[in-house]
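One letter stands for each residue in the lines below.
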Amino acid sequence: MKFLFDDKAFSFQALRTAGHAACGGADLGEVLVTCEGIPDGNEAAWCRAWSATAARLHRTGDRALAAGHRVSAREALLRASNYYRAADFFRVDDRDHDRESDRLAWHSRETFARATELFDTPVVPLSIPYEGTTLPGYLFLAGPVGEPRPTVIHHGGYDSTLEELYFMVGAGALRRGYHVLAFEGPGQQSVRRERRLAFRHDWEAVVTPVVDHALTLPGIDPARLVLFGTSFGGLLGARAAAFEPRLAACVLHNGIYDFCRLPLTGIPAHLAEWVAESRDEVAGPALAVAMSHSTQLRWFLRHGMWAFGAKTPAEALRACMPYNLDGVAERITCPTLVLDAENDVVARGEAQRVHAALRAEKDLIRFAAADGAGEHCQEGAALHFHQRVFDWLDERGI
């Protein structure tokens, strides 16, 4: 759906930011007035406007906390965190040396961390042991530690942040009595920034240590672990589930079978072949032209250079090639729910490919545009999405 902008990338990111209102991450009036001042497709203006709104809510949260208004402080700081994330979204030209990007990302993390101290239920920051370092995470507890509860283990995808996972899935799970362990892995925001770790396709090497750590934490029922992967995480999560036998279920939000197909959509076949054959002397200039005409493609490839540790857009595309479920999907043994969206311009047709390849118990939910849920990852329809997914889990006794 078109939302506030003609530029498709701006429209989707505005909808994504506004959609988190369902879980306390935005207020519609703030979104509308912020976007009103952004010329369509102007990335610098986008950053300035969202940064200003985030800073205003940040100050509101500080004042509320100083005055002893805990709920007001929590609500303002959560929105500030989401708006700082949005402000940083299009700053992909040189993230390793972009101090403003670092500042925005830091404030997004810091405001969220302060908000979690004001939650009504416990939130435990985690440092998850991983290959000589640690991965950041949060354990959101649905209530005081007592009888073990089912637990959602949630990771994002190509560009989501640890903090955003709360708005995407965490809040909905907590309302239904699930604990939530959210984490970031290699290639994802703070892990890429602070540990310089790029994406890896063998995501089971990431999830297995997380499951190991989860089973050391109080209040987690080892028989009711649900792995939840969002966006690109729908592919990564499927890969991990194929090699992790301790899962009671897996939710792919949304299903992606072959990541390399996604950025190549709309790129001429001969150019795709040049990239695959490493003919960068001709592919590079042609990609530059394509990127100049598409905000979405430009963002995807520039972000991919950073997330995969690639030096050129063509190299970023080649880095996507190992990310597929060939010979993998059929190895998943736990019940798996694959989500699809009618208007998913990011991963059109991919969820059906994943569902067809699965051999264990499986279901496919296709969210309809007529219900306002037809966009990638059901952005803008969080409550409807939560209802369908968590009802599915409930019906399986998880």
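Residues numbered from 1 in each chain as written. Predicted model: local features only at pLDDT ≥ 70, side-chain atom pairs only at ≥ 80, totals over all residues. Heavy atoms only, no water.

The line we're drawing: UniProt positions are given in the numbering used here, feature names are shortened, and annotations may be inferred rather than shown by experiment.
Named according to an unreviewed UniProt entry, the protein is Alpha/beta fold hydrolase originating from Streptomyces crystallinus. Per UniProt, the comment on the protein under Sequence similarities (unreviewed entry) is "Belongs to the AB hydrolase superfamily."

**Considering the overall build of the protein**
So the rule is basically this: Secondary structure is summarised from DSSP: a helix means a run of H or I of at least four residues, a strand means a run of E of at least two, and numbering begins at the N terminus for each. The cut-offs for exposure are 20% and 50% of the maximum accessible area for each residue type, with area from a 1.4 Å probe on protein chains only; residues under the lower value are buried, those over the upper are exposed, and the others partly exposed. Whether two residues are in contact is decided by their heavy atoms, any of which lying within 4.5 Å being enough. Only the protein chains shown count as cover for residues, and all accessible areas are computed by the Shrake-Rupley method using a 1.4 Å probe. Charge assignment: positive for Lys and Arg, negative for Asp and Glu; neither His nor the chain ends contribute. Every charge is mapped onto a representative atom, which is NZ of Lys, CZ of Arg, CG of Asp or CD of Glu.
Across its full length, the protein holds 16 helices and eight strands. Reported as C-alpha extents along the three principal axes, the dimensions of the protein are approximately 60 × 50 × 50 Å. Counting over 398 residues, the protein shows a buried share of 60%. Within the protein, contacts between residues at least 6 apart in sequence are counted, and of these 72% link residues at least 24 apart. Surface exposure of the protein reaches about 15100 Å², of which carbon and sulfur atoms provide 52%. Positive and negative side-chain charges in the protein, numbering 42 and 51 respectively, have mean positions lying 2 Å apart.

**Here we look at the nonpolar core**
The condition is simple: Side-chain atoms within 4.5 Å are what join buried Ala, Val, Leu, Ile, Met, Phe, Trp, Tyr and Cys residues into a set we call a nonpolar core.
Membership of the largest hydrophobic core comes to 91 residues, with the highest contact counts inside it found for Trp50, Ile153, Leu181, Phe183, Phe199 and Phe259. At seven residues, the largest contribution of residues to this core is made by helix α3 (residues 43-66). One finds Leu162, Met168, Ala249 and Val389 within the second-largest nonpolar core, a separate group that totals 43 residues.

**Side note on unusual backbone geometry**
Put simply, His253 and Asn254 share a cis peptide bond, and its omega is 0°. Secondary-structure assignment places Asn254 in the loop between β6 (249-253) and α10 (261-264). One non-glycine residue, Cys377, lies in the positive phi region at around 60°. By the element assignment, Cys377 lies in the loop between β8 (362-367) and α16 (382-395). With relative accessibility at 6%, the residue Cys377 sits in the buried group. A positive phi angle is found at Gln378, which is not glycine, with a value near 55°. With respect to the helices and strands, Gln378 occurs in the loop between β8 and α16. Residue Gln378 is classed as buried on the basis of its relative accessible area of 1%.

**Structural notes on the pairing of strand β5 (residues 220-230)**
The criterion, for reference: Each pair of strands is called paired provided DSSP finds at least two bridges between the two strands. When the strands point away from the viewer, a crossover counts as right-handed if the path from the first strand over the helix to the second runs clockwise.
Of all the 11 residues making up β5, eight are buried; the element is thus mostly covered by neighbouring parts of the structure. In this sheet, β5 lies alongside strand β3 (residues 149-155) in parallel orientation, the contact comprising six bridges. Opposite His155, over in β5, you have Gly229 as the bridge partner. Looking at chain direction, β5 and β6 are connected through five bridges and run parallel. Paired with Leu227 across the strands is Cys250, a residue of β6. Read from β5 through helix α9 (residues 232-241) to β6, the crossover connection turns out right-handed.

**Notes on the packing of helix α2 (residues 28-36) against α3**
Defined as follows: Here the axes come from fitting lines to C-alpha atoms, over the contacting stretch only for helices, and the angles between their N-to-C directions go from 0 to 180 degrees. Take the far helix as your reference; a near helix turned counterclockwise from it by less than a right angle gives a left-handed crossing, and one turned clockwise gives a right-handed crossing. Nonpolar residues are Ala, Val, Leu, Ile, Met, Phe, Trp, Tyr, Cys and Pro. Charged residues are Asp, Glu, Lys and Arg, and all others, Gly as well, are polar.
Two elements in contact, α2 and α3, have axes separated by 9 Å at closest approach and are oriented at 145°. Handedness of the α2/α3 crossing: right-handed. Taken together, the residues of α3 that come into contact with α2 (itself represented by Glu30, Val31, Thr34 and Cys35) are Ala49, Trp50, Thr53, Arg56 and Leu57. For the contact of α2 with α3, a count of residues per class yields five nonpolar, two polar and two charged.

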